[in-house]
Number of protein chains: 2
Amino acid sequence: MPPEAKSSGDDTPVCCPLYHEAVEMIGRRWTGAIVEVLLQRHGSLRYTEISHAVPQLSDRLLSERLKELEQRGVVEREVSPGPPVQVAYGLTDMGRSLEPAVRELKEWARRWLN
Amino acid sequence: MPPEAKSSGDDTPVCCPLYHEAVEMIGRRWTGAIVEVLLQRHGSLRYTEISHAVPQLSDRLLSERLKELEQRGVVEREVSPGPPVQVAYGLTDMGRSLEPAVRELKEWARRWLN
């Protein structure tokens with residue numbers, strides 16, 4: 001029986017905890033935007049490119065979010081030896097797999113929030 | 001040219017503002033869980049049924065989130081005359097259209113967060 005069909009004995013639906021974790025991760029302030037911007041590139045983006053793509057996001061929050069996504073295994077940080085040393089961020093396989101969910105949400109947004 | 005292809009002149013991707021609004025709406029604490037639970041039913045759910053389906057959610061926050069979703073047009077409140085008066089919550093067409101995005105995110109969560 002899949003988790004969403006689990007019953008608490010009185011036919012009440014139960015929220016899937018893994019989905020819950022995922023939706024709060026991607027919905028964390030600015031995280032969804034950062035992931036969407038990284039999905040637009042097959043390769044990686046430099047810090048300043050992400051920063052320009054999401055202009056209202058402060059440097060402090062961008063660093064924090066990128067660190068969180070790296071710890072989650074969604075983003076990987078690539079350092080190429082310089083000079084000058086270049087730091088770039090790309091999606092891991094786990095991160096890139098968010099593409100269908102992001103695409104569906106984008107379609108929903110264009111239809112209903114426009 | 002679709003919004004995600006817009007360039008700021010130096011080939012930097014730009015985050016789609018409608019998607020950004022959508023992902024922060026659904027990712028707001030507990031909102032994604034409430035929508036998922038409502039998607040499991042074709043009809044509507046009583047307040048206590050939603051509350052049981054998302055057990056860690058406080059009454060105050062559940063009321064607040066339902067009110068927000070109602071204002072957004074995602075949820076509709078149905079009052080059936082009593083006695084006793086029954087209040088139930090269901091998804092509007094706009095809310096039900098979130099199903100593909102929620103399904104994809106659930107699949108991602110099961111694959112990567114398990």
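Residues numbered from 1 in each chain as written. Chains lettered and ligands numbered in written order. Predicted model: local features only at pLDDT ≥ 70, side-chain atom pairs only at ≥ 80, totals over all residues.

Peer 1: Got a minute to help me understand the interface of chain B and chain A in this structure?
Peer 2: In many analyses, interface size is given as the accessible surface area lost on bringing the parts together. Residue-level contacts link 43 residues of chain B with 43 residues of chain A. Sorting the residues of the side of chain B that touches chain A by element identifies α1 (17-26), α2 (31-39), α3 (47-53) and α6 (99-112) of chain B as the ones contributing at least two each. Among the elements that line the side of chain B that touches chain A, the one with the most residues is α6(B), at 10 residues. The residue makeup of the side of chain B that touches chain A, split by class, is 22 nonpolar, 9 polar and 12 charged. (Contact = placed C-beta atoms within 7 Å. Helix = DSSP H or I, 4+ residues; strand = E, 2+ residues; numbered from the N terminus. Nonpolar A, V, L, I, M, F, W, Y, C, P; charged D, E, K, R; others polar.)

Peer 1: Can you help me understand the packing of helix α1 (residues 17-27) of chain A against α2(B) in this one?
Peer 2: Each packed pair of helices is defined by two parameters, the angle between the axes and the distance between the axes. The interhelical angle for the contact between α1(A) and α2(B), taken along N-to-C directions, is 135°, at an axis separation of 8 Å. Regarding the angle of α1(A) to α2(B), the classification is oblique. In this structure, α1(A) meets α2(B) at a crossing whose hand is right-handed. For the pair α1(A) and α2(B), the contacting residues are A:Tyr19, A:His20, A:Val23, A:Glu24 and A:Gly27 in the first and B:Gly32, B:Ala33 and B:Glu36 in the second. Here the contact of α1(A) with α2(B) is built from residues that sort into 3 nonpolar, 3 polar and 2 charged. (Axes fitted to C-alpha atoms, helices over the stretch in contact; angles between N-to-C directions. Parallel < 35°, antiparallel > 145°, perpendicular 65-115°, else oblique. Left-handed = near helix turned anticlockwise from the far one by under 90°.)

Peer 1: Looking at this structure, how should I read the relation of the copies chain B and chain A?
Peer 2: The operation linking the two copies of the chain is a rotation about an axis combined with a translation along the axis. Expressed as a screw operation, the relation of chain B to chain A combines 0.0 Å of axial shift with a rotation of 180°, fitting to an RMSD of 0.0 Å. On the angle and the small slide along the axis, the relation comes out as a two-fold axis. Closest approach to the rotation axis within chain B is made by the C-alpha atom of B:Gly27, at a distance of 1.7 Å. The residues that chain B uses at the interface reappear at the interface of chain A in 100% of cases, marking a shared surface. (Least-squares fit on C-alpha atoms with pLDDT ≥ 70 in both.)

Peer 1: Just to check I follow, could you spell out the sheet that holds strand β1 (residues 45-46) of chain A for this structure?
Peer 2: All names here are of chain A. Taken in spatial order, the 3 strands make up an open sheet running β1-β3-β2, and their pairing is antiparallel. The strands lining the two open edges of the sheet, one partner per strand, are β1 and β2 (75-80). Direction of pairing for β1 relative to strand β3 (residues 86-91): antiparallel, over a ladder of 2 bridges. Pairing of Leu-45 across the sheet is with Tyr-89, part of β3. The strands that helix α2 (residues 31-39) touches are β1, β2 and β3; relative to β3, the one it contacts most, it runs at about 95°. Sitting on the sheet, helix α4 (residues 59-72) touches β2 and β3, and the angle it makes with β2 is about 105°. (Pairing = 2+ DSSP bridges.)

Peer 1: Sorry, what's going on with the environment of B:Arg65 here?
Peer 2: Mapped onto the fold, B:Arg65 is located in helix α4 (residues 59-72). What B:Arg65 contacts, discounting residues up to four positions off in sequence, is B:Trp30, B:Thr31 and B:Ile34.

Peer 1: What should I look at first to understand the environment of A:Glu64 in this one?
Peer 2: Inspection of the secondary structure puts A:Glu64 in helix α4. For the pair A:Glu64 and A:Thr31, spaced 33 residues apart in the sequence, the C-alpha separation amounts to 10.0 Å.

Peer 1: Would you explain the nonpolar core in this entry?
Peer 2: Counting 54 residues, the largest nonpolar core has A:Ala22, A:Leu38, A:Leu105, B:Ala22, B:Val37, B:Leu38 and B:Leu105 as the members making the most contacts within it. Contacts of B:Ala22, omitting those with residues within four sequence positions, involve A:Leu105, A:Trp108, A:Ala109 and A:Leu113. (Core = buried A, V, L, I, M, F, W, Y, C linked by C-beta atoms within 7 Å. Buried ≥ 20, exposed ≤ 12 C-beta atoms within 10 Å, placed from the backbone.)

Peer 1: Before we go on, may I ask you to explain unusual backbone geometry in this structure?
Peer 2: Glycine aside, a negative phi is what most residues show, and trans is what most peptide bonds show. One non-glycine residue, A:Trp30, lies in the positive phi region at around 80°. Counting through the fold element by element, A:Trp30 comes out in the loop between α1 and α2.

Peer 1: I keep staring at α4(B) and nothing clicks. Help me out?
Peer 2: The periodicity of an α-helix, 3.6 residues per turn, causes residues three or four places apart in sequence to face the same way. Residue and element names in this part refer to chain B. End to end, α4 covers 20 Å across 14 residues, agreeing with the expected 20 Å (1.5 Å per residue, within 8%). Taken as a whole, α4 has its buried residues at Arg-65, Leu-66 and Leu-69. The buried residues of α4 occupy an angular sector of 100° when projected down its axis, which confines them to one face. Residues of α4 that are exposed and point more than 90 degrees away from the buried face comprise Arg-60, Ser-63, Lys-67 and Gln-71. In the core, the buried residues of α4 are packed alongside α2, β2 (75-80) and β3 (86-91). (Expected span 1.5 Å × (residues − 1). Arc of directions from axis to C-beta.)

Peer 1: Is there a simple way to think about the sheet that holds β3(B) in this case?
Peer 2: Working definition: the strands of a sheet are paired by backbone hydrogen bonds and lie parallel or antiparallel to each other. Residues and elements named next belong to chain B. The strand order across the open sheet built from 3 strands is β1-β3-β2, with neighbouring strands paired in antiparallel fashion. Sheet topology places β1 (45-46) and β2 at the edges, where each strand pairs with a single neighbour. α2 rests against β1, β2 and β3 of the sheet, and its axis sits at about 95° to β3. On the sheet, α4 packs against β2 and β3 and is oriented at approximately 105° with respect to β2.

Function cannot be read off these values alone, since they describe shape.
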